[in-house]
Amino acid sequence: MMILDRDGKCVRGVLMTLIVGCLLLCSCSRADLSEGSLPQTFMEADSLYQAGRYEQAAKMYDSAVKKCQGKESLQSLCYYRAGVAYNEVEQWGRAIVNYRRALLLAPDYSEARHNLRLVEEARMNMPAMEYPIVRRWADACAYALPMNGWLVTSILFFVGSIVTCLAFFLGHSRRVRRGSFYAMLALIVLWGYTLLMVLHRRHYDKQTDVAVVCSVKAPLYALEDNPEVATPVTELYDGAEMCVSSTVDGGSYLHVVLPDGTEGWIPQANVEPVAINQ
């Protein structure tokens, strides 16, 4: 059998194939955004943007989204352009909302993700907006490859671990078995790592409970207080992101959780949900 090559050439060949496959996957890009022709509204929005009328252009891009029903890649492009326009007038909250909507439709939209990170860094310094370091590290790793890239890489590492496992048990020499054993351990660890990245992407790619402050500032009330009469414990500024847990008083206040784990009530009028069609 080829897998039992006495010099271990087959095992080395399998490992080289896996490495080459992973390098090729690194060149994968986001989904093509060319399905169908762009609506006239989009062209008008582009003209407004080129003329420096950014806020009007952003609203026109929002209108163009409705003209692209059923074409998610074009809708994500419209949301992305709206985010860029809002960014020009330093409306950080609305820029973040539109970038996140673009990513809901096209999670591998690298330009939108890059711009989102830039806006999050540009908004007013708010320590409560800092995610735990483990989350930030996981995000950086998980979005280094597109989702399909992680899936294929995971399959390659799994197949490689099976091949090296067979080489370990069926090898004719101690050298082949020893090399196969260490290669098998490495591939199993890498396979587990890719599975974690896939699970991370599956959880956060379609996260729809995020809301963003889209006003100059918004009061945050303690969770145990009545927000109608209580004094705010702090204020959040334009661009602050949070997860919505529940509502109160007919939906006038939202129970939110900030990235650092802080919970409280915030007026619904001051925030905009990222989830589309809400």
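Every value quoted in this text rests on a predicted model; they were computed, and no experiment measured them. Counting from 1, residues in each chain are numbered in the order their sequence is written. Local features in this predicted model are restricted to residues whose pLDDT is 70 or higher, and side-chain atom pairs enter the listing and the counts only when it is 80 or higher, whereas totals over whole chains, interfaces and linings include all residues. Side-chain measures here rest on the full set of heavy atoms in the structure, leaving out hydrogens and waters.

### Some points on the overall build of the chain
1) Next: Assigned secondary structure in the chain consists of nine helices and seven strands.
2) Next: Looking at the chain as a whole, 46% of its 278 residues are labelled buried.
3) Next: Residues count as neighbours in contact if any of their non-hydrogen atoms are within 4.5 Å of one another. Counting contacts in the chain only where the partners sit at least 6 residues apart, residues at least 24 apart contribute 65% of the total.
4) Next: Note on areas: Shrake-Rupley with a 1.4 Å probe; residue coverage comes only from the protein chains shown. Taken as a whole, the chain presents about 14,900 Å² of accessible surface, with 58% of it coming from carbon and sulfur. Each helix is a run of DSSP H or I of at least 4 residues and each strand a run of E of at least 2, with the numbering of both proceeding from the N terminus. Only protein chains enter the accessibility calculation, which uses a 1.4 Å probe. A residue is then buried if its area is under 20% of the maximum for its type, exposed if over 50%, and partly exposed in between.

### A short note on the packing of helix 5 (residues 92-105) against helix 6 (residues 110-122)
Pairs of packed helices are described in terms of their axes, by the angle between the two and the distance that separates them.
1) Next: Running from N to C, helix 5 and helix 6 point in directions that differ by 155 degrees, and their axes come no closer than 9 Å. One finds that helix 5 runs roughly antiparallel with respect to helix 6. When you trace helix 5 past helix 6, the crossing you get is left-handed. Of helix 6, the residues touching helix 5 (which contributes Trp92, Ala95, Ile96, Tyr99, Arg100, Ala102 and Leu103) are Ala112, Arg113, Asn115, Leu116, Val119, Glu120 and Ala122. Helix axes use the C-alpha atoms of the stretch in contact, all axes being lines fitted to C-alpha atoms, and the angles between their N-to-C directions lie in the range 0 to 180 degrees. Should an angle fall under 35 degrees it is taken as roughly parallel, and over 145 as roughly antiparallel, whereas 65 to 115 is taken as roughly perpendicular and any remaining angle as oblique. In this scheme the crossing of two helices becomes right-handed for a clockwise turn of the near helix relative to the far one and left-handed for an anticlockwise turn of less than a right angle.

### Digging into helix 2 (residues 40-50)
1) Next: Of the positions making up helix 2, those classed as buried are Thr41, Phe42, Ala45, Leu48 and Tyr49. Down the axis, helix 2 shows its buried residues gathered within 115 degrees of arc, on one side only. Along helix 2, the residues that are exposed and aim more than 90 degrees away from the buried face are Gln40 and Gln50.
2) Next: Contacts from the buried residues of helix 2 go to helix 3 (54-66) and helix 4 (72-88).
3) Next: Phi turns positive one or two residues past the end of helix 2, at glycine 52, with a value near 85 degrees. Directions pointing from the helix axis toward each C-beta atom define the arc.

### Side note on the pairing of strand 6 (residues 263-267)
1) Next: Counting buried positions along strand 6 gives four out of five residues, so the element sits mostly inside the fold.
2) Next: Alignment of strand 5 (residues 253-257) against strand 6, held across five bridges, turns out to be antiparallel. Of the residues in strand 6, the one forming a bridge with leucine 254 is isoleucine 266.
3) Next: Once strand 5 ends, the chain turns through five residues before running back antiparallel as strand 6, passing glycine 261 with a positive phi of about 100 degrees. When DSSP locates at least two bridges between a pair of strands, those strands are taken to pair.

### Focus on the side chain of asparagine 270
1) Next: Inspection of the secondary structure puts asparagine 270 in the loop between strand 6 and strand 7 (271-273).
2) Next: Side-chain polar atoms of asparagine 270 contact the side chain of serine 215, separated by 3.2 Å.
3) Next: Leaving out residues up to four positions away in the same chain, asparagine 270 has contacts with Val212, Val213, Cys214, Ser215, Lys217, Ala218 and Pro219. Whenever two N or O atoms come within 3.5 Å, that pair is a polar contact, provided that in protein one can donate a hydrogen and the other can accept it, and provided that, for residues adjacent in sequence, both atoms are side-chain atoms.

### Some thoughts on the sheet that holds strand 7
1) Next: Pairing is antiparallel across the open sheet formed by five strands, whose spatial order is 6-5-4-1-7. Of all strands in the sheet, those bounded by a partner on one side alone are strand 6 and strand 7. The mean angle between the axes of side-by-side strands here comes to 45 degrees, regardless of whether they run parallel or antiparallel.
2) Next: Inspection of the sheet shows strand 1 (residues 210-213) paired to strand 4 (residues 241-248) by three bridges, in the antiparallel sense. Considered in strand 4, the bridge of alanine 211 is made with methionine 242.

### Side note on unusual backbone geometry
1) Next: The backbone phi angle of glutamate 90 is positive, close to 60 degrees, even though this residue is not glycine.
2) Next: Here glutamate 90 lies in the loop between helix 4 and helix 5.

### Focus: a nonpolar patch on the surface
1) Next: To count toward a patch, a residue needs a relative accessible area over 30% and no salt bridge; like charges are then connected within 9 Å, while nonpolar side chains (Val, Leu, Ile, Met, Phe, Trp, Tyr) are connected within 5 Å. Any Lys or Arg side-chain nitrogen located within 4 Å of an Asp or Glu carboxyl oxygen qualifies as a salt bridge. A cluster of nonpolar side chains, namely Ile155, Phe158, Val159, Ile162, Leu166, Phe169 and Leu170, defines an oily patch on the protein surface of about 660 Å² accessible area.
2) Next: Tracing the chain through its elements places phenylalanine 169 in helix 8 (residues 147-170).

### A closer look at the nonpolar core
1) Next: For this analysis, a nonpolar core means a set of buried residues of the types Ala, Val, Leu, Ile, Met, Phe, Trp, Tyr and Cys, connected via side-chain atoms within 4.5 Å. Core analysis: the biggest nonpolar cluster contains 37 residues, and Tyr61, Tyr80, Tyr99 and Tyr109 have the highest contact counts within it.
2) Next: Elements with a contribution of two residues or more to this core: helix 2, helix 3, helix 4, helix 5, helix 6 and strand 1.
3) Next: Not counting the four nearest positions on each side in its chain, tyrosine 99 is found in contact with Tyr80, Gly83, Val84, Asn87, Ala112, Asn115, Leu116 and Val119.

Honestly, that's just the spatial picture; any functional story needs more than this.
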